[in-house]
Every structure is written in C-alpha cells, then in structure tokens.
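Each chain is listed here by its residues.
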Amino acid sequence: MELVIRFLRANGFVFLLCALLVPLSQMISPVTVIDSNVNYLAWLPLSVILAVIFLHGYRSVFPLIFAFSVSCLWIWSASLQDTLLLGVGVFGPVLAVCIGLRRFMGARWRHKQGGRGDRMRIFWLGFFLPCAIKALLMILGFFFELSNNVVPFSDSVSGLDNVLDIQCLIVSSLIFPAFIYYPLRMLISRAFRRAVWFSGFAPVLQGKHTFKFIGWIAGLVLLLGAFCSPANSELFSACMLPLLFVLFTLGIRTPGAGMTVWCWSLTVLLLLEWNKNVVHSTYYSTILVFILSVFIAFTVCLYYMIRMYRLGVRLHHIWRNQALTDPMTWLPNLRALELHVQQYPQGVLCCLRLNNLSFLGRHYGFMMGVYCKRLVGQLLAPHLRPGEHIFQFSGCELLLFLHPGEHTQRLSNMLRLLNQQKMPWKGNSLNIEHFASWGKITRAPGSLGQKLGQLSYMAEQATTREPLVSLDAQEEEVAGQPSTQVVLFQKIKQALDNRHLVIVAQPVVGKSGMAYAEVLSRLMIDGDLMMPDTFLPIIIQCDLSARFDMLVMDKMVCWLAEHPEETQGTRFSVNLMPSTLMQRGIICIS
C-alpha cells in the first residue's frame, strides 16, 4: 500500500495532466466530412502523448495509457476490445520509436526541442511513427473490427482516404506537439518561464525590435482573421497561403524560434478548424490533401530554417568573441574595453607595464612576451572581483579595469606579487620589473583614447622607488605632456627635413696639451636655436639618431670642403650617439 501511495504522490500531477488533456484534445481535434464520412484533419491526443513524454519521460507512459483507456471506455463509449486494440495500435509504435531514439540519441533525446537531433526527431517521430501507427491499425483492422470514431482510421479502400489519415497523423506528430509542449513546460517550470521571457519576449518588447514584433503580430492576426472569417472570399483562398509562409519566415528572427513554432502550430489549428475560405467546395478532398502536404512541407522547412538561424546566431557570437579577443594572448582587446567601459562607466583604469619585456623579447623571442602576458593574467585573475578584467594593450603593457574603492592598495599588492614572481621560460627564470599607473574613467566622449595615452606615459615615468603612479594627482601636468611632445617631434622632424642644423666648434685642450675642436649641434626652429637637452630625448625616442648624426657629419664635411685654408692643421671631434653606431651599415671596417 505504501508503494502505491508513494507512486501516486510522485506521479499524481502527471495522472491529473493526462486525465485532463487526453479527452480535451480529442474534443478540439479538427474534423471534416468527406462523402458522408467523418475524417480527422489532426488527431491531437497523439500530440498530447508526445508532448507529455517530452516533459516527463518514462514516468508518463502508465498515466497516458490509463487516461487513454478511461477516455475510450467512458467518454468515447468504445468497447473493451476496441480500447485494447487501439491502445496497442497507438502506444506500441510510440513506445518503440521513443525507446529507439533514447538508445541512439542518449538520455537527453527529448530535451532541447528545436536544437540538436532535430533531423532524427523529425524523421522518426514526424514521418516514421505516423506510418507505423497507420500500418499497425490496418493490420489490426484486417483481423478485427475497429471503431473509426476514436482514431484516424478508415477501412475504405480509397487511396485518398488513407493518404488523408496518414497526413492527419503526420500533422499531429510533427506540428502540434510544440503547441502543447511549450505551454505545459512554462506551467511546470519557473526557470523555463524566466528563460522564455528573457530570451524571447524581453529583447523584442524592450529593445529596438519592438515595432517589428508588434507589426508581425498584427500582420498574423489580420491574415488569420481574413482566412478564418465566415464570409466566403476567393481572395483569401489557398493561393494566398504563401503570405503566411513569408510572414513566419520573417518571424524566425523577430519574435524568436520557440514563439514562431508555437504560433505556426496555432495557425495551422485555426486554418484546419475554419477552412471554408482556404478550401473551397470544388474538389474539396483533393485540395485538402494538397494543403496538408503544403503544411507538412513548410513545417519541415521551418524547423530547418530555425536550425540554420540558431547556427548563424551561434557563429555570430563566436565571431564576436573572437573580434573582442587578442588572438595571441587570448585576453580581451581594446574593442572589448570600450564595450566594458560603456557597461561600467564608473571605474578605475590601470596601465601595467612590464618594463624590460621588450629587451628580453629580442633575446628570447616574441612568444616569450606573449607567454609572460598570459601568465600575468593568470596570476592576477584570482585577485579580481566580478566585473573586473585584464585587457591586452600594445607593446609591453596590459590594462586592468577595477571598481573604485581600495583600488590603490589592491594595485600595490598586485605589483608586489608580480615583482616577487619570476617568469619561467624554457628552463630560465626571468626577472621582469612591473610598474603601473592608474586613473579614474571619465564620461567625456573620446576621452578613453587620451586616457590610455596618458596612462602609458605615466607608466613609463614610474621608478623602482615609486612603482605605482596616480594620474589623477598629476592630471594637469600630464594632460598636455603627450600633445606637447607630439608637437615638438613634428617641429624637430621638419627641421631635419629642411636641414636647419647649426654646428658650432668649441675649442678643447686635453691633458697632454693637444688642442682640438669639439663639434656641437643646434637646431634652428621658428627662428630660435633649440639646445640638445630639448631635442635629443625626442630624437632618441623616435629613432632619428642615425639621421641626425649623418646630417651633422654631412654639414661638417661640407663646411670643411668650403673652408680648406681655415681648417688646415685643425682637429675636429664629432660625437655620435651609441644607437647610431649600433645600426648596420653605419661603420665600415676595411
């Protein structure tokens, strides 16, 4: 007795569900009269059976059989023999196909409707199962007398009636399970209701597709009102059904795949129930068979279009993630930083500089720098809070996005951790210095690029004594510094292009008493002389040292050629920068 009570307690809801849905679905199944015979256009109890099995699996088999048997005996007034034979004819193929799908597709064969495994489900449940039910009912009808008022079974030898029976079963197993499955699952599962709302309704009701969604619903209502109206109209006949097909093809994107499938099954149910406009009395049965074939064909196409659309959306997400990810370090790039800043406008941006990474990369290779950046990201990841990320930056720098509040202390701890950590690379322990600068993000348009440039400049100015520099404390001083250097670089380059170089000979007497002249250089910019302490750092930083030294040598040689008598017996000394001497082709040894 306890086992029975426990079984009823665990499956009571399934029993109640089946007891309500099986007779109700039989009542609303669309029928038609052809040659004084009642024919089903869709047998919805089969849709209920498949939908409940999709929801509850093997636990729903006994409640479905029980509800079907009770409905046959007491509601549909079938005999006990008809009840047994019809139960075997319907549930035998259903259970066989479901067991086969469970064996070949795995335990999740009934989940993710409209996802993977659709081809198997469409073939076995949508086409093989109806044909198997029809064949088994014909075999049973050959040996026994069956009632044809409960299931779509015709003992007529007419081929059109048998085709209509098979199409009825195909429509019931292919189109209408979704019509019952989605409302039942939303009724049972709160998580599924939230998922349907946030993935299906919220984007179209709160986003930019709101008017498209409203227009799609309005167009569907207008077309259904025209097709299902009691007034006969030759305009809205079967010839105008492609309007519905176009509308549902467009609806795959606007209201979503799940809602499109449900609306399509509701549309088919309404068109089959009130089909006077769609199917005229002339050649009624032939046109009805043709329209059912069109519905079945478009349903298969709709499922495949939904699958291709979902595949396209999935590929779009993959390509979008790849576009927001650096391909070498696998860290988010600057494009991802811009989107992240839009999501979190209040934050702190930190530029982390791996100081001697560029020098070590020339010796150990480019991949060493990539590996070090990946390792830094792995070391700092446990210390980041939700919404904080590490982003790839150019050269030997990384960017950190942190939430405001105790960020200075956290950055100091991160730098201490990194400076104590040695980077392993192919058996070598590399000691890399880490410096950083930070500043708060501003909402001014176009300020992010300028902020990154200032942070990079401040990180270069950091020292071992002060590895962490605040941009906000020196914002007024640093604000014009990068732009000033750019203007100065342009003036220096223009002066070199125009050969506005002035050389000066300074007499020098050595310890041995030997006298010579040291050649000094000045740049003439805007009519004023610029001293070396101003332009030499820019020349070295912008890699113009070889060009500048060669211009000095050229000026010196030209002056010597123009003044041979004045320079006779005089010695000259020209200072060349080390970076010039290190370049290939500058010094020729014979």
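One can find the structure itself at the top, above this paragraph.
The rules behind the values
Residues numbered from 1 in each chain as written. Predicted model: local features only at pLDDT ≥ 70, side-chain atom pairs only at ≥ 80, totals over all residues. Heavy atoms only, no water. Helix = DSSP H or I, 4+ residues; strand = E, 2+ residues; numbered from the N terminus. Buried < 20%, exposed > 50% of the residue type's maximum accessible area, 1.4 Å probe, protein only. Areas by Shrake-Rupley, 256 points an atom, 1.4 Å probe, with all protein chains shown as cover. Expected span 1.5 Å × (residues − 1). Polar contact = N/O pair within 3.5 Å; in protein donor to acceptor, adjacent residues only side chain to side chain. Contact = heavy atoms within 4.5 Å. Pairing = 2+ DSSP bridges. Axes fitted to C-alpha atoms, helices over the stretch in contact; angles between N-to-C directions. Parallel < 35°, antiparallel > 145°, perpendicular 65-115°, else oblique. Left-handed = near helix turned anticlockwise from the far one by under 90°. Core = buried A, V, L, I, M, F, W, Y, C linked by side-chain atoms within 4.5 Å. Nonpolar A, V, L, I, M, F, W, Y, C, P; charged D, E, K, R; others polar. Phe/Tyr/Trp six-rings, centres within 6.5 Å; stacked < 30°, edge-to-face > 60°. Patch = residues over 30% accessible without salt bridge, like charges linked within 9 Å, V, L, I, M, F, W, Y side chains within 5 Å. Salt bridge = Lys/Arg side-chain N within 4 Å of Asp/Glu carboxyl O. Lys, Arg positive; Asp, Glu negative; His and termini not counted. Charge placed at Lys NZ, Arg CZ, Asp CG, Glu CD. Bend = angle between axes of the 7 residues up to and from the residue.

Further remarks concern the overall build of the protein chain. When helices and strands are tallied, the protein chain shows 22 helices and 13 strands. Residue burial in the protein chain is summarised as follows: out of 590 residues, 44% are buried. For the protein chain, the accessible area works out to roughly 32800 Å², and carbon and sulfur atoms hold 62% of it.

Over its 15 residues, helix α15 (residues 366–380) runs 22 Å from end to end, which matches the ideal 21 Å to within 8%, given 1.5 Å per residue. All of the buried residues in α15 are M368, G369, V370, C372, K373, L375, V376, G377 and L380.

Turning our attention to the side chain of S29. Of note, S29 is situated in the loop between α1 (2–28) and β1 (31–34). Relative accessible area serves as the criterion here: at 5%, S29 is assigned to the buried category. Engagement of the side chain of S29 in a polar contact is seen with the backbone nitrogen of L44, the distance being 3.1 Å. Non-local contacts of S29, meaning those with residues more than four positions away in its chain, are made with Y40, A42, W43, L44, P45 and E273.

We now examine the pairing of strand β5 (residues 397–402). Burial of β5 is extensive: six of the six residues sit out of reach of the surface. Bridging between strand β3 (residues 348–354) and β5 involves six bridges; their strand directions are antiparallel. Looking at β5, one finds that R353 is bridged to E397. Across four bridges, the pairing between strand β4 (residues 389–392) and β5 is antiparallel.

Another aspect to go through is the packing of helix α5 (residues 118–143) against helix α12 (residues 284–323). Their axes nearest at 11 Å, the elements α5 and α12 cross at an angle of 160°. The angle between the axes of α5 and α12 places the two elements in the roughly antiparallel class. α12 is crossed by α5, and the crossing has right-handed handedness. Contacts between α5 and α12 pair R119, I122 and F127 from the former with I296, V300, Y303 and Y304 from the latter.

If you look at soluble globular proteins, the nonpolar side chains tend to sit buried side by side. If you look at the biggest cluster of nonpolar residues, it comprises 94 residues, and the most contacted ones within it are V94, F176, W264, L272 and F295. Every residue in contact with V94, bar those within four places of it in the chain, is listed here: L46, I49, L50, I53, L129 and I133. Listed in part, the 29 residues of the second largest apolar core include L354, L375, M423 and I432.

Moving on, we come to the packing of helix α6 (residues 159–174) against α12. Where α6 contacts α12, the two axes come as close as 10 Å, and the packing angle between them is 30°. When the axes of α6 and α12 are compared, the pair comes out roughly parallel. When you trace α6 past α12, the crossing you get is left-handed. Counting all contacts with α6, which are made through L160, V163, L164, Q167, I170, V171 and L174, the residues of α12 involved are S285, T286, L288, V289, L292, S293, I296, T299, V300 and Y303. Split by residue class, the contact of α6 with α12 holds 12 nonpolar, five polar and no charged.

This paragraph deals with the sheet that holds β3. The strands that make up a sheet pair up through hydrogen bonds in the backbone, lying either parallel or antiparallel. As summarised here, the arrangement of the five strands in space is β4-β5-β3-β8-β9, forming an open sheet in which the pairing is mixed. A single partner strand is all that each edge strand has here, and the edge strands are β4 and β9 (468–470). Within the sheet, the average angular offset between the axes of one strand and its neighbour, ignoring direction, is 25°. Where β3 and strand β8 (residues 434–440) come together, seven bridges link them in antiparallel fashion.

Here a ring pair, both rings aromatic, is described through the centre-centre distance and the interplanar angle of the planes. This model, assessed by the stated rule, comprises 21 aromatic pairs. Geometrically, the ring pair formed by F248 and W264 is edge-to-face, given 5.2 Å between the ring centres and 75° between the ring planes. With F248 in helix α10 (residues 241–251) and W264 in helix α11 (residues 257–273), this pair connects stretches of sequence that are 16 residues apart. This pair shows no difference in class: F248 is buried, exactly as W264 is.

As a further point, take the environment of R320. As for its position among the elements, R320 is in helix α12. Judged by relative accessible area, R320 falls into the partly exposed class, the value being 41%. For the pair R320 and A336, spaced 16 residues apart in sequence, the C-alpha to C-alpha distance is 9.9 Å.

Before going further, it helps to spend a moment on a positive patch on the surface. A surface patch of like charges, here positive, comprises R116, R119, R307 and R314. Within the fold, R116 resides in the loop between α4 (80–105) and α5.

Our focus in this paragraph is the pattern of salt bridges. Counting across every chain of the model gives eight salt bridges. A salt bridge links E388 to R410; its shortest N-O distance comes to 2.7 Å. A residue pair is termed long-range when its members are at least 10 positions apart, and E388 in the loop between α15 and β4 and R410 in helix α16 (residues 407–420) qualify at 22 residues. Under the relative-accessibility criterion, E388 is labelled buried at 4%. Three or more residues joined by partner-sharing salt bridges are found here, namely K493, D497 and R547.

To continue, consider α4. Residue pairs three or four apart in sequence face the same way in an α-helix, which turns once every 3.6 residues. Counted at 1.5 Å a residue, the expected span for α4 with its 26 residues is 38 Å, and the 36 Å between its end C-alpha atoms agrees. Residue F91 marks the point of greatest curvature in α4, where the axis turns by about 25°; the proline P93 follows within four residues. Note on α4: the residue one or two positions beyond its end, G106, has a positive phi of about 95°.

Glancing now at the side chain of K134. Here K134 shows up in helix α5. The class of K134 is buried, set by a relative accessible area of 2%. Only 3.1 Å separates the side chain of K134 from the side chain of D165, close enough to count as a polar contact.

Remember that the coordinates give geometry; whether it matters functionally is a separate question.
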